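Residue-level structural notes
Here are the chains, one letter per residue:
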Amino acid sequence: MSLNKEDIDLIDRHFDRQLDQYEEETFDVKYLTSELFKDEVDLRKNLIKNVEAFREDDLRKQFTAHMQVIDEKKKERAQIRKKSLVAASFLLILSSIGIYMSSSNTKGPQALFDEYYVAYDGIVLSRNQSDRVSEGRMQYLNGNYEAALAPLVNLESHKNADLLMIGICYLEMDQPEHALNWFSKIEANATQDIQSVRDWYIALSYLKNGKLTACEEILRGKTISDSIYSKRAKALLNERLFDE
């Protein structure tokens, strides 16, 4: 024996949150009185729970992959700098005694920003998104940040992922103040992963804007120290600019 079309439709609309009060009461009665109806509802609840758990695990994997890319780029930059320093030292030995190096080689805020910043790429496309959201995300994933900005900003409502992408677009367009405004709109009760991404890019926005005290405060905060960004934050704080 199987559920009839009306019962299936009732269950579908329940999970889509489309039932009115009378229909909700009907749903509750059927759930309590029909074992077949109850089994179908419970099955769907478990499926939804498993899908959400899978998505959360997938997001964590994307974060990890994202950080591995950043660390690899960091290593590449370090190797390039090392080779450059060796070449510069060799040239200095050959130069006249009257030429000397400046005693100060502290990197400025913009130089450090360029070294540590990589646009966030942990964005996932979904079939259920509106055309405008899909358009904005497609442009973002293709690195077309200016083209992605308008369809994302003009959404009727913004999810945390949308706010994050908009902030990154403004950073790419050299507008850290606007980036900070959008990053700060991400919900305070967002998941730990989202909070750490938000705070990392807030810190970088302050850095790009030359606001070192605000940047340092974010980098030393618990949200980042307990996240996959902790090593990056410690490395940035160890830069000479923060010792002055």
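A brief report on the enclosed structure follows. (Residues numbered from 1 in each chain as written. Predicted model: local features only at pLDDT ≥ 70, side-chain atom pairs only at ≥ 80, totals over all residues. Heavy atoms only, no water.)

1. Remarks on unusual backbone geometry
- With a phi close to 60 degrees, R17 is a non-glycine residue in the positive phi region.
- Position of R17 relative to the elements: it lies in the loop between α1 (5–15) and α2 (21–33).
- Judged by relative accessible area, R17 falls into the exposed class, the value being 78%.
- Residue D174 is not a glycine yet carries a positive backbone phi of 60 degrees.
- By the secondary structure assignment, D174 is in the loop between α7 (160–172) and α8 (176–183). (Helix = DSSP H or I, 4+ residues; strand = E, 2+ residues; numbered from the N terminus. Buried < 20%, exposed > 50% of the residue type's maximum accessible area, 1.4 Å probe, protein only.)

2. With respect to the packing of aromatic side chains
- The tally for this structure, following the rule as stated, stands at seven aromatic pairs.
- Their ring planes at 15 degrees and their centres at 6.4 Å tell us that F27 and Y31 sit as a pair that is stacked. Of the two residues, F27 and Y31 both sit in helix α2, four residues apart, roughly one turn of that helix.
- Ring centres of Y117 and Y201 lie 6.1 Å apart, and the angle between their planes is 80 degrees; on these two criteria the pair is classed as edge-to-face. Note that Y117 is positioned in the loop between α4 (109–116) and α5 (131–141) and Y201 in helix α9 (residues 192–208), a separation of 84 residues in sequence. Each of the two residues, Y117 as well as Y201, counts as buried.
- Taken together, F113, Y117, F183 and Y201 form an aromatic cluster joined through their ring pairs.
- The ring of W182 is capped by K185, whose NZ or CZ atom sits 3.8 Å from the centre of that ring. (Phe/Tyr/Trp six-rings, centres within 6.5 Å; stacked < 30°, edge-to-face > 60°. Lys NZ or Arg CZ within 6 Å of the ring centre and 35° of its normal.)

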